[in-house]
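This is what each chain is made of:
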Amino acid sequence: MRGSRQVVDYSLQKRAVLRELLAGRVGTYDVCDASPYLKNAARFHGEPTEERCPICRSENLTHVHYIYGDELKQSAGQARTRAELPALAMTLREFQVFVVEVCLGCDWNHLVEQYLLGRDGPADGAEDGSEQDTVGGSVVPGAGTDPAPRRRREAQR
Ligand SMILES: [Zn+2]
């Protein structure tokens, strides 16, 4: 998500769990233990994904976004839809988002990533500024100074 920072990616841990499972060192009952709360959150606030469940391979995974932070008060620890996060990020200084993937078919669940959102972020462009200017180039004088005509031309294609 745009503006997210201090992102922690848990895909390595997830792969490790799946390896353990494949090797028979843990059983599916150990890893497919989504609580009724988590499954409800997935149903009502979850973000459907195109990713197949790595365990049962019959359902797509749902991402649940949990929010934590002092400013949230009684809302801390609640699930929010992904669409609600930008508005929260405008109003709060800082809060933590935990993304959990859940399979509603077999109850597989695992942490996907965590990150910080909120107004207290670094100034815009500090993180992703390197990507923005690679396309325009600005080598040709005048190219890139007015992006509007370029956009119109692209729209006509
Ligand atoms: Zn599954």
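Quick notes on the rules
- Residues numbered from 1 in each chain as written.
- Predicted model: local features only at pLDDT ≥ 70, side-chain atom pairs only at ≥ 80, totals over all residues.
- Heavy atoms only, no water.
- Salt bridge = Lys/Arg side-chain N within 4 Å of Asp/Glu carboxyl O.
- Helix = DSSP H or I, 4+ residues; strand = E, 2+ residues; numbered from the N terminus.
- Donors = N, O, S within 2.8 Å, 3.2 Å for Na, K, Ca; no water.
- Tetrahedral: all angles 85-135°; square planar, octahedral: opposite > 155°, others 65-115°.
- Buried < 20%, exposed > 50% of the residue type's maximum accessible area, 1.4 Å probe, protein only.
- Contact = heavy atoms within 4.5 Å.
- Arc of directions from axis to C-beta.

## Some points on the pattern of salt bridges
One side chain can pair with another of opposite charge once the charged atoms of both are near each other. Applying the stated rule across the entire model yields six salt bridges. For Glu94, the salt bridge is made with Arg5, and the minimal N-O distance between the two is 3.6 Å. Of this pair, Glu94 sits in the loop between α4 (85–91) and β5 (95–102) while Arg5 sits in strand β1 (residues 5–9), and the two are 89 residues apart along the sequence. Among the charged side chains, a network of salt bridges with common partners joins Lys14, Glu51 and Glu101.

## Here's the deal with the coordination of the zinc ion
Geometry sets the ideal angles at a metal, namely 109.5 degrees for four tetrahedral donors and 90 or 180 degrees for six octahedral donors. Surrounding the zinc ion are the protein donor atoms Cys53 (SG), Cys56 (SG), Cys103 (SG) and Cys106 (SG), which sit 2.3 Å from the metal. One can describe the site at the zinc ion as tetrahedral: its four donor atoms subtend angles covering 106 to 116 degrees at the metal. Of note, the zinc ion draws all its donor residues from one chain, in the sequence arrangement C-x2-C-x46-C-x2-C. One end of the pair, Cys56, is in the loop between β2 (47–52) and β3 (60–68); the other, Cys103, is in the loop between β5 and β6 (109–117), and 47 residues separate them in sequence. The partly exposed category is assigned to Cys56, whose relative accessible area is 28%. Given the relative accessible area of 0%, Cys103 is considered buried.

## A look at the side chain of His63
Looking at where His63 falls in the secondary structure, it is placed in strand β3. Every residue in contact with His63, bar those within four places of it in the chain, is listed here: Gly46, Glu47, Thr49, Val99, Val100, Glu101 and Val112.

## Brief notes about the environment of Glu94
A residue is classified by how much of its surface remains accessible, and Glu94, at 36% relative accessible area, is partly exposed. Between the C-alpha atom of Glu94 and that of Arg119, which follows or precedes it by 25 residues, the distance is 6.4 Å. Dropping the residues within four chain positions of it, Glu94 is found in contact with Arg5, Glu71, Leu116, Leu117, Gly118 and Asp120.

## Observations regarding helix α3 (residues 36–45)
Two residues of an α-helix separated by three or four positions point the same way, owing to the 3.6 residues in each turn. Taken residue by residue, α3 has Leu38, Lys39, Ala41 and Ala42 as its buried positions. For α3, the angular spread of buried residues about the axis comes to 155 degrees, placing them on one side. Looking at α3, the residues exposed on the side facing more than 90 degrees away from the buried face are Pro36, Tyr37, Arg43 and Phe44. Where α3 is buried, its residues touch β3, β4 (79–80), β5 and β6.

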